[in-house]
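# Structural overview
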Amino acid sequence: LHYPLRRQRQMCIRDSSHAGRFIGPRHLILGDHWKLSRPRRPSGYLLLDTRSTVGLGNTPQIRFSSLSMKASTNAMANLRTNWVGNLILFAALIFFTWAVARGWSLPLTDSHSSRQAQTAITANMLHENGWAPLTPFNGLGAPWSVPMEFPTYQLTTAGFAYLTGGDIVSAGRLVSLLFALSALPALWLLLGRLNFGSIERSFVLALLIASPLYAHYARALLIETAATALSLWWLTAFFESLKRPSLERPWLFATTALGIVAALTKVTTFAVFLAPALIIMIVLWRKRNHTIVYRAGFMTVPALVAAVWWTHSSDALKAVHPYADFLTSTALSEWNWGTLAQRFDPEWWSRLVYHFQLITPAWALLFVFAGLIWGPKLRRLGIVAALVTFFVGPLAFANLYYVHDYYYMAVAPAVIISVGMGFSALWQRFGDRPGPRVLITIAVAGLLVAQVFAYRDGLGRGQMKNRPVPAFAHLLRELTTPEDNIILFGREWDPLVTYYACLLYTSPSPRDRG
């Protein structure tokens, strides 16, 4: 009996007439004379009659009433069999730790400094004045609130600043980093559901945290890592809930709640993850029954309703603000969605290619093409789904993705998964021979090194430039007091000036509140 096994090296056998005894990764003794042996060919096991003296081709027939196999969950065994993947992942973690620590104490003058300062202002006002869901902001005057996304990240940052007693910048960078790391277990579980082996999953996680874009913005004072991690956890829970044979209410309600928080945190990120969720639902619906559609709807529709409600509520508040009406969703419609002509502009596509290479080098697509050629049907479908997910974000929100490179944090996991599915297909197709295994591992390591050098020569270099705080912020600090209300003429709105003029450390006066 030949039982094909792609990844498991250690097995347990249970049957109705013999008590199995595990004795090592090579063979297993069953009762008195049956032995499960792992030959040179690592993709399968042979069940042999040890009393027989004939060759393997004449192994006697096995008469068991039932035979079942389960993968061993022994942690030490997993470390031994996945040492290559663990080594690659450990090397990537060392790089990631080094990358996020660089410039930790520098001011918010690196990538998209105004957006980081705007986030810091809201987090600090929440820290100083207490919890408020309407996104307080002191840059546009009374009523001191310009709600954008729901302040999930800002509230968490304010809480960390309160608990640690540190400043908002350090707390915000720490929270962003923790969200970036929290996405890794979700990705690990999702890849397991997609039948990735432990080595393949380690490769994918290593490539993600070594991505120049991911390493750079993992420590930025932005909501991107929070939005990406929450949406990725929602997608993982969504997949797990649909894969279960019956309706399980704890999974259903937990996934629904997670989706609501993810959509409120950043709806443009959550929208990207709706694409793979829809593909997963269609695939499972065709395999099983139509009730999956109802379960999927229950876990998705409340999140969309919450996002629409928050958008309308925040628009109503911005519309009555004397200076914030230009920030309503209607006023920003073209800014958010872009134009049709923009999507056909070669410059837009050139920009997309540039942003793609902030995630991983363009030659990584060779893995994707290899997976489409040699991968089984499900692997090819997975690659297509990942590529669709990547294009959903830029094509749906054309201008936002054109202007802001950090928006690509939402699609970075999809890019890395598509590459991972490519070398997973190669591993499954040729990995039963030592030579191809070594070549695939070298290729993954080479891609990892290429990403490290891309970070060093690109985003990492800008991260370490200690750009000065705007001189106008120092001037305002010298000429004004915390009780003053200041109106600026002839200067574009810049939250960085507001933040470093220390206006954010004060509360509005009672007269202004009224």
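Since we're looking at a predicted model, the values are computed, not measured.

### Details of the overall build of the protein
Per the secondary structure count, the protein includes 23 helices and 7 strands. When each of the 514 residues of the protein is scored for burial, the buried share is 50%. Per element, the accessible surface of the protein, about 24500 Å² overall, is 63% carbon and sulfur.

### Overview of unusual backbone geometry
Phi at His112 is positive, roughly 50°, even though this residue is not glycine. By secondary structure assignment, the location of His112 is in the loop between helix H2 (83-101) and helix H3 (113-129). Judged by relative accessible area, which is 25%, His112 ranks as partly exposed. You will see that Asn195, though not glycine, has its phi angle at about 65°, which is positive. Take Asn195: it is sitting in the loop between helix H5 (168-193) and helix H6 (198-209). Its relative accessible area of 43% is what places Asn195 among the partly exposed residues.

### Some words on the packing of aromatic side chains
Within the structure shown, the criterion is met by 23 aromatic pairs. On the numbers, 5.6 Å between centres and 80° between planes, the contact of Phe356 with Phe390 is edge-to-face. With a gap of 34 residues between them, Phe356 in helix H14 (residues 346-359) and Phe390 in helix H16 (residues 377-396) connect regions that are remote in the sequence. In this structure Phe356 comes out as buried when scored by relative accessible area, which is 11%. When the ring of Phe390 is compared with that of Phe391, the centres are 5.0 Å apart and the planes differ by 75°; the resulting orientation is edge-to-face. The exposure class assigned to Phe391 is partly exposed, which follows from its relative accessible area of 31%. Connected via pairs of aromatic rings, a cluster forms that spans Tyr217, Trp348, Trp349, Phe356, Phe390, Phe391, Tyr401, Tyr406, Tyr407 and Tyr408.

### Regarding a nonpolar patch on the surface
A contiguous nonpolar patch, built from Trp363, Leu366, Phe369, Leu372, Ile373, Trp374, Val384 and Val388 and spanning about 760 Å² of accessible area, is present on the exposed surface. Mapped by element, the contributors of at least two residues to the nonpolar patch are helix H15 (365-374) and H16. By residue number, the principal contributor to the nonpolar patch is H15, which donates 5 residues. Within the secondary structure, Leu372 sits in helix H15. Exposure remark for Leu372: the relative accessible area of 32% places this residue in the partly exposed category.

### Here's the deal with empty space enclosed by the protein
Rolled over the atoms, a probe sized like a water molecule indicates the empty space that remains. Evaluation of the coordinates by the stated rule reveals 4 cavities of 30 Å³ or more. A volume near 70 Å³ is recorded for the largest cavity. Taken together, Arg115, Gln118, Thr119, Thr122, Thr135, Met148, Glu149, Gln154 and Ile223 form the lining of the largest cavity. Top contributing element to the lining of the largest cavity by residue count: H3, with 4 residues. Of the residues assigned to the lining of the largest cavity, the class counts are 2 nonpolar, 5 polar and 2 charged.

### Comments concerning helix H8 (residues 224-243)
For H8, with 20 residues, the first-to-last C-alpha span of 29 Å sits near the 28 Å given by 1.5 Å per residue. When you tally the buried positions in H8, you get 18 out of 20 residues, the bulk of the element.

### Thoughts on the nonpolar core
If you look at the biggest cluster of nonpolar residues, it comprises 123 residues, and the most contacted ones within it are Phe423 and Tyr499. Considering each element in turn, this core owes the most residues, 13 residues, to H5.

### Side note on the packing of H8 against helix H11 (residues 291-320)
Orientation of H8 relative to H11, taken along the N-to-C sense of each, is 155°, at an axis distance of 10 Å. When the interaxial angle is binned, H8 and H11 end up roughly antiparallel. Along this stretch, H8 crosses H11, giving a crossing that reads as right-handed. Counted together, Trp234, Phe238, Ser241 and Leu242 of H8 and Ile292, Arg295, Ala296, Met299 and Thr300 of H11 form the full contact between these two elements. Across the contact of H8 with H11, the residue classes tally to 6 nonpolar, 2 polar and 1 charged.

About the cut-offs
- Residues numbered from 1 in each chain as written.
- Predicted model: local features only at pLDDT ≥ 70, side-chain atom pairs only at ≥ 80, totals over all residues.
- Heavy atoms only, no water.
- Helix = DSSP H or I, 4+ residues; strand = E, 2+ residues; numbered from the N terminus.
- Buried < 20%, exposed > 50% of the residue type's maximum accessible area, 1.4 Å probe, protein only.
- Areas by Shrake-Rupley, 256 points an atom, 1.4 Å probe, with all protein chains shown as cover.
- Phe/Tyr/Trp six-rings, centres within 6.5 Å; stacked < 30°, edge-to-face > 60°.
- Patch = residues over 30% accessible without salt bridge, like charges linked within 9 Å, V, L, I, M, F, W, Y side chains within 5 Å.
- Salt bridge = Lys/Arg side-chain N within 4 Å of Asp/Glu carboxyl O.
- 1 Å grid on protein atoms, 1.4 Å probe; cavity = no way out; pocket = protein on both sides within 12 Å on 5 of 7 lines; lining within 4 Å.
- Points joined across faces, edges and corners; volume = space filled by probe spheres on them.
- Nonpolar A, V, L, I, M, F, W, Y, C, P; charged D, E, K, R; others polar.
- Expected span 1.5 Å × (residues − 1).
- Core = buried A, V, L, I, M, F, W, Y, C linked by side-chain atoms within 4.5 Å.
- Axes fitted to C-alpha atoms, helices over the stretch in contact; angles between N-to-C directions.
- Parallel < 35°, antiparallel > 145°, perpendicular 65-115°, else oblique.
- Left-handed = near helix turned anticlockwise from the far one by under 90°.
- Contact = heavy atoms within 4.5 Å.

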